[in-house]
Structures are given as structure tokens and as C-alpha cells.
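# Topology and contacts: notes
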Amino acid sequence: MGNRRHRALTKSIQDALLRDPRTFRKTLIGRILAFFSIYYIKLLRHSDERFRRLRIEAYGIDDEEYRRSFCTQGREAALVPMGDLGFSGSTFFSTSDTKYLVKSLPRHFEHSFFQDDLLAPYSEYMKTHRDSLLVRITDYLYAPIKTLGSIAGITPAHHIIMENVLSGKNNSPSSGKKWETYDLKPVDYFYPERDLVPEPLVSEDTLSRLADEFPDKIRLSGVECQALRRVVEDDTRFLQEANVVDYSLFLVRFPVEEGEGIGGRGERREEEDRWRVGVLSADGRWRYRAVVLDFFWGRHKLHAQAMTGVVQTFNVVGRQGPMSVTTTAEEYREKFLTMVESILEVV
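Calculation criteria
Residues numbered from 1 in each chain as written. Predicted model: local features only at pLDDT ≥ 70, side-chain atom pairs only at ≥ 80, totals over all residues. Heavy atoms only, no water. Buried < 20%, exposed > 50% of the residue type's maximum accessible area, 1.4 Å probe, protein only. Helix = DSSP H or I, 4+ residues; strand = E, 2+ residues; numbered from the N terminus. Pairing = 2+ DSSP bridges. pLDDT = per-residue confidence, 0-100. Contact = heavy atoms within 4.5 Å. Phe/Tyr/Trp six-rings, centres within 6.5 Å; stacked < 30°, edge-to-face > 60°. Lys NZ or Arg CZ within 6 Å of the ring centre and 35° of its normal. Core = buried A, V, L, I, M, F, W, Y, C linked by side-chain atoms within 4.5 Å. Domains from an automatic or database assignment.

A few words on the pairing of strand β7 (residues 180–184). Working note: regular strand, side chains alternate between the two faces of the sheet. Most of β7 is tucked away, with four of its five residues classed as buried. Pairing between β7 and strand β10 (residues 248–255): five bridges, direction antiparallel. If you follow E180 over to β10, its bridge partner there is R253.

So, in C-alpha cells, the structure goes:
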């Protein structure tokens with residue numbers, strides 16, 4: 001069933017990226033036929049013109065090259081399933097060229113917040129802050145018609161397409177075995193989306209790939225360190241103004257020799273792409289990549305408020321401390337900046 005689901009979802013995503021959403025028409029027969037679909041679900045691009053301009057003007061992505069990343073090349077599938085990598089139940093696909101990731105947003109409070117509250121200010125912010133570490137989202141897909149598959153949670157109806165900060169990993173001399181990844185959040189919070197998930201639903205592989213602490217320091221020159229602080233302060237200020245909490249810093253580290261000849265997503269080797277290509281450590285041993293991820297939890301959304309009652313009912317707060325989803329956006333930002341500062345070292 002898994003292979004059938006993946007094939008159907010791959011076709012849904014490909015069709016959405018190749019279809020002009022303005023040609024879509026809802027008919028009664030079409031609604032009825034679509035409703036009884038389990039695996040294949042018709043998807044459309046949301047705000048396609050906004051994202052097209054964002055890709056071209058802010059990210060410098062050629063539209064034809066972007067399109068080719070989602071086309072089948074010979075016998076090689078265009079999208080490769082990566083399993084459920086997160087704690088939210090999201091499904092991930094990677095393009096075969098590893099440039100982009102497709103992530104489902106199965107939780108209503110996440111995709112509704114992104115679509116209704118964050119999308120417009122996010123696109124304007126990314127146009128004016130070319131060196132931002134916020135992950136570059138290149139498309140947003142949604143299902144215009146409800147289906148049995150989406151209602152039952154079998155087939156997700158909302159997806160974002162974003163850059164893959166691990167692009168080039170599999171082509172490294174060690175095939176990525178020496179690459180390290182860290183999903184970093186302030187450690188003095190309790191994370192219900194992680195800590196309330198029953199253990200059988202989260203594989204050991206998932207846990208091993210998402211380390212919660214960075215056991216070293218990011219060693220940078222004074223100039224590099226100041227530049228990174230400025231970018232992170234700007235990004236988190238934007239997220240605070242949008243009332244976002246629970247975001248994380250996704251840090252990638254690999255030995256310098258692993259990055260030889262790997263351009264990753266940084267075809268344009270300009271100043272704004274440095275943390276996406278790989279910043280050289282001050283001691284010359286490592287290259288670092290970094291992006292800010294998972295900024296889909298709006299503090300004002302009902303789910304975050306409801307989660308407070310759930311956790312208090314189980315008396316978790318008393319044992320584990322304050323929750324990331326019930327704090328204020330201002331406090332979360334302060335602790336996030338403190339966390340980033342704690343792993344920096346000026347050389």
C-alpha cells in the first residue's frame with residue numbers, strides 16, 4: 001500500500017506543478033469522482049504567480065531548471081520518498097536531483113496559518129532579505145476538493161516545496177556518511193509535538209537524525225559571527241512579529257574535503273547564498289550550512305491553546321517545565337537567540 005500511495009502522491013505533485021491552476025474548473029461530476037479517491041488527489045498551486053516571482057526575483061531560480069527537477073528522467077523517479085522524517089507525521093519526498101524537498105502539512109493549524117497569515121509577509125520579507133536563513137519555500141500545493149483519502153488522513157492535501165539544505169550530500173566522497181545534522185531548539189522548553197508522541201510512532205532512525213544538541217561550537221571569524229548574528233536577529237524578529245513559536249535551527253556540518261566540487265543549492269555563489277553552499281569554519285576544518293525551519297506554529301491558533309489544556313491535564317508542565325507552544329513569541333525568540341549565541345565561538 002505504501003508504494004501505491006507514494007506513486008499516486010508523486011503523480012499528484014507532478015501534475016500540480018505542470019498544470020495551470022487557472023484552467024481548473026469545479027464541476028458536480030468532478031467533485032463526486034474526486035471525493036471517492038483514496039490515493040490520487042488533485043492538487044493545485046496556491047498563489048502560483050507570487051511564488052514564481054519569489055523564485056526568480058529572490059532565489060534566482062530558473063523556471064525551466066526548476067520544472068525539470070520534478071520531471072521523470074528515464075527510469076529514475078522524479079520524486080523519491082524519504083519516509084516520515086518529522087515528529088508531526090509529515091511525509092517527505094526529495095527530487096531525484098536532491099535540490100528540493102516536498103513536505104506535507106497534515107495538521108490544519110499549520111497549513112491554515114501559513115496560507116492565511118504568513119504567506120504574504122513571508123514572500124515580501126524574502127524579497128527584501130536575500131541573505132535570510134528562513135528556509136526558501138518555492139511552492140505551496142493544496143487540494144481544492146476534499147477526498148476520502150484526505151479526510152481519512154491517508155493522503156495529505158497540503159504540501160510545501162522547499163530547498164534541500166542537504167543537496168549534494170550523496171555525491172560527497174563518503175556518500176554523506178561524514179555529514180552531521182542537528183535540529184536545534186532552546187533546550188529549556190518542553191516540546192509536546194516531540195515528547196507526547198508515542199515511541200512506536202517515531203523510529204530510532206528519525207531520532208538519530210534529529211539531534212537536539214550541538215556538541216561543539218561553530219567557530220567563525222569576528223566578521224562572519226557578526227553577520228550571522230544580524231541575520232538571525234532579523235529573521236527571528238520577523239517571526240516574532242508574525243507571532244510564531246517552535247521554529248528550529250537546522251545545522252549541517254561536514255569536513256572540508258567532503259565539500260569539494262559540491263555546489264548544492266548555491267549555483268549563485270553570492271553573499272546571500274553562503275550559508276546554503278557552506279561557510280568555512282575559522283579553523284579550516286568544517287563547512288557549515290544552516291536554515292531556520294518549521295515556522296508554521298502560530299501562537300494565536302486554537303491548537304496551541306488547546307494543547308495547553310491537554311498537557312496540564314496530564315500534569316506534564318509540572319514535571320517538564322514551560323512548553324514551546326504556550327510561551328510568547330517574544331520569549332521564544334529571546335531563548336532562541338541565546339541558544340544560537342551559546343554555540344558560536346569567535347576565532
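This part is about the confidence of the model for the protein. If pLDDT is low for a region, its predicted coordinates should not be looked at in detail. Looking at the protein as a whole, its pLDDT mean stands at 80, while 72% of the residues score no less than 70. Of all secondary-structure elements in the protein, the lowest mean pLDDT belongs to helix α8 (residues 204–209), at 48, while helix α9 (residues 222–241) reaches the highest, 96. Across residues 195–203, where pLDDT falls below 50, the model places 11 contacts with residues more than four positions away in sequence or in other chains. Across residues 264–269, where pLDDT falls below 50, the model places 18 contacts with residues more than four positions away in sequence or in other chains.

Let us now look at the pairing of strand β5 (residues 137–142). Burial analysis of β5 places five of its six residues in the buried class, the great majority of the element. Where strand β1 (residues 44–45) meets β5, two bridges bridge the pair, whose relative direction is antiparallel. Residue pairing across strands places L44 opposite Y142, the latter belonging to β5. Examined bridge by bridge, β5 and strand β6 (residues 158–163) share five bridges and lie antiparallel to one another. When the sheet's bridge partners are listed, Y140 is paired in β6 with I160.

Mapped onto the secondary structure, S47 falls in the loop between β1 and α3 (48–59). Each C-alpha atom of the pair S47 and Q115 lies 9.4 Å from the other, and the pair is 68 residues apart in sequence.

On the secondary structure map, E257 appears in the loop between β10 and α10 (274–277). When its relative accessible area of 47% is taken as the criterion, E257 is described as partly exposed. Separated by 85 residues in the primary sequence, E257 and S172 have C-alpha atoms spaced 8.7 Å apart.

The next subject is the packing of aromatic side chains. Here the structure, examined in full by the defined rule, presents 15 aromatic pairs. Relative to F70, the ring of Y66 has its centre 5.2 Å away and its plane inclined at 70 degrees; by these criteria the two rings are edge-to-face. Considered together, Y66 and F70 belong to a single accessibility category, that of buried residues. On the basis of an interplanar angle of 40 degrees and a centroid distance of 5.3 Å, the ring pair of F295 and F296 is categorised as tilted. By the burial criterion, F295 is buried, and F296 matches it. Its end group placed over the ring of W286, R253 keeps NZ or CZ at 3.8 Å from the ring centre.

Of all hydrophobic cores here, the largest spans 77 residues; its most connected members are Y122, I137 and F295. Take this core: its biggest share by element is seven residues, from helix α5 (residues 108–128). Counting residues domain by domain, this core receives three or more from each of domain 1 (1–163) and domain 2 (180–346).

Moving on: the environment of I61. Assignment of secondary structure puts I61 in the loop between α3 and α4 (63–68). Residue class for I61 comes out buried when judged on its relative accessible area of 8%.

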